[in-house]
Amino acid sequence: MTASRILGTGHYVPPRVVTNFDVMKMMETSDEFIVERTGVRRRRHAEAGIGASDLGALAARAAVENAGIALDQVDLLVMNSITPDHADPGCAFFLQGKLGLSGIGVFDIRQQCSGLIYGISLADHFIKAGTCRHVLVVCSEVLSSRIDGSYDGRNISILLGDGAGAVVVGPSNDPRRKILSTILHADGSGAKALYTAAPGSALGRKEHLTKEDLDAGRVYFRMDGKTVYENGVEKMAGAIFESLQANGLTMDDIDALVPHQANLRMLEAIIERTGFPQEKVFVNVEEYGNIASASLPIALSEARQAGMVKPGSLVLMVAFGSGFVWGSVLARM
Ligand SMILES: CC(C)(COP(=O)(O)OP(=O)(O)OC[C@H]1O[C@@H](n2cnc3c(N)ncnc32)[C@H](O)[C@@H]1OP(=O)(O)O)[C@@H](O)C(=O)NCCC(=O)NCCS
């Protein structure tokens, strides 16, 4: 069985910086509230007309170049977005067209902030099974298109940023450098703690979308902040211990913890709960806000660029998202 490894990473964030003071022009909030409750100071927002596949294509090309392979060596594309280009077909098809990868298999996965964890797990299994050699996993979000400044929408809207991250997973020719484990979890009983009701087929009527859905704000995220916060801390902290135990390791063995950048307070609570050494935890949420599935691959890519993750580093990635969906990837880079 061929072991798999993360061969390359890449990311792209749009250039326009949106400060908390800019957000204050969009809704009733304050810099003080945002910084104190979430730690976010800035985020990036794409210009109108830029879709998830546009950002995703830039991140994907960077990851492929970083992996040192040619694009046509990719034989499976996995895409995750909660802000796809169109309602259907999946965003992977639009990304595939932009990358000129016609003919290979593609997956759209809907794992919210845990897209990278699930994507790497799929890649790892396809490679180990010998079905594929190079799997490109792309997570891309244009969350600025889903900002709702109303009283009900502002608790999450303050967090939202745009960006894309990608990884290339391929066969490892060094027995030490490999993906050691991918552990996946979900609990659909929490699905409505953070969700968007419309459009949908379970709205108690025939139409998928009505003008009333727009007027009532059903097309926007609705979040029970406390429930999401508490579950996020518990599940990501649990995922850290679970991965260490499954691999017979301790925190001392880990060179870098790269968590989903949900919000700074959540990350601080996870560090406190696990006792993970703070200097080993990569954090960029102050700069980018929460970019859903793109947060984790962007963080991994930046951690590598910053030299915090080097060839041979043992990296633990954990994520949690709406669904609820969570899990971990442990990889020797
Ligand atoms: C979003 C979050 C900061 C809100 O804090 P909270 O204390 O749970 O907020 P609540 O919704 O209970 O509201 C508390 C008060 O803050 C207010 N509030 C909420 N959002 C606000 C905003 N953007 N600006 C100003 N006030 C706000 C509420 O109106 C409420 O005031 P009220 O009691 O006078 O009505 C917090 O819940 C959180 O961090 N949750 C996790 C969210 C997250 O990371 N999600 C991503 C998941 S991957």
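Structure report, in brief. (Residues numbered from 1 in each chain as written. Predicted model: local features only at pLDDT ≥ 70, side-chain atom pairs only at ≥ 80, totals over all residues. Heavy atoms only, no water.)

Here we look at the sheet that holds strand E12 (residues 314-321)
Stated precisely, the cut-off is as follows: Any two strands with at least two DSSP-identified bridges between them are counted as paired. Helix numbering and strand numbering both begin at the N terminus, where a helix is a DSSP run of H or I of at least 4 residues and a strand a DSSP run of E of at least 2. Axis geometry follows a simple rule: fit a line to the C-alpha atoms, using only the stretch in contact for helices, then measure angles between N-to-C directions, giving values from 0 to 180 degrees. By the convention used here, residues are in contact when the closest approach between their heavy atoms is within 4.5 Å.
Ordered in space as E8-E13-E12-E11, the 4 strands form an open sheet in which the pairing is mixed. In this open sheet, the two strands that pair with only one neighbour each are strand E8 (179-186) and strand E11 (256-259). When strand polarity is set aside, the average angle formed by the axes of neighbouring strands in this sheet is 10°. Where E8 and strand E13 (residues 325-332) come together, 7 bridges link them in antiparallel fashion. What sits directly across from Ile179, in E13, is Ala331. Contacts between helix H5 (residues 115-128) and the sheet are confined to E8, E12 and E13, with E8 contributing the most and set at about 130° to the helix.

Some thoughts on unusual backbone geometry
Our working rule: The buried label applies to any residue whose accessible area, calculated with a 1.4 Å probe on protein chains only, is under 20% of its type's maximum; exposed applies above 50%, and partly exposed to all values in between.
In this chain, Asp88 is followed by Pro89 through a cis amide linkage whose omega measures -5°. In this chain, Ala198 is followed by Pro199 through a cis amide linkage whose omega measures 0°. With respect to the secondary-structure elements, Pro199 resides in the loop between strand E9 (194-195) and helix H7 (211-215). Positive phi outside glycine occurs at Gln112, with the angle close to 50°. Within the element layout of this structure, Gln112 appears in the loop between strand E5 (105-109) and H5. Among the residues examined, Gln112 registers a relative accessible area of 13% and is labelled buried.

Digging into the sheet that holds strand E7 (residues 162-171)
Pairing is mixed in the open sheet, where 5 strands are placed in the order E1-E7-E6-E4-E5. At either margin of the open sheet sits one strand with a lone partner, and together these are strand E1 (4-12) and E5. Adjacent strand axes in the sheet meet at a mean angle of 15°, parallel and antiparallel pairs treated alike. Note: strand E4 (residues 76-80) against strand E6 (residues 135-142), 5 bridges, orientation parallel. In the strand pairing of E6, Leu76 is matched with Val135. Each of E4, E5 and E6 touches helix H4 (residues 91-99); the most contacted strand, E5, lies at about 135° to it. Strands E1, E6 and E7 of the sheet are contacted by helix H11 (residues 295-305), whose axis makes an angle of about 95° with E1.

Considerations on the packing of helix H3 (residues 52-67) against H4
Rule in force here: An angle counts as roughly parallel when it lies under 35 degrees, as roughly antiparallel when it exceeds 145, as roughly perpendicular when it falls between 65 and 115, and as oblique in every other case. Note on convention: the crossing is left-handed when the near helix lies turned anticlockwise from the far helix by less than a right angle, right-handed when the turn is clockwise.
Interhelical geometry of H3 versus H4 gives an angle of 55° and a closest axis separation of 9 Å. In this view, H3 runs oblique relative to H4, as classed from their interaxial angle. Crossing of H3 over H4 shows right-handed handedness. The segment H3 lies against H4, with Ala52, Ser53, Asp54, Gly56, Ala57, Ala60 and Arg61 engaging Cys91, Phe94, Leu95, Lys98 and Leu99.

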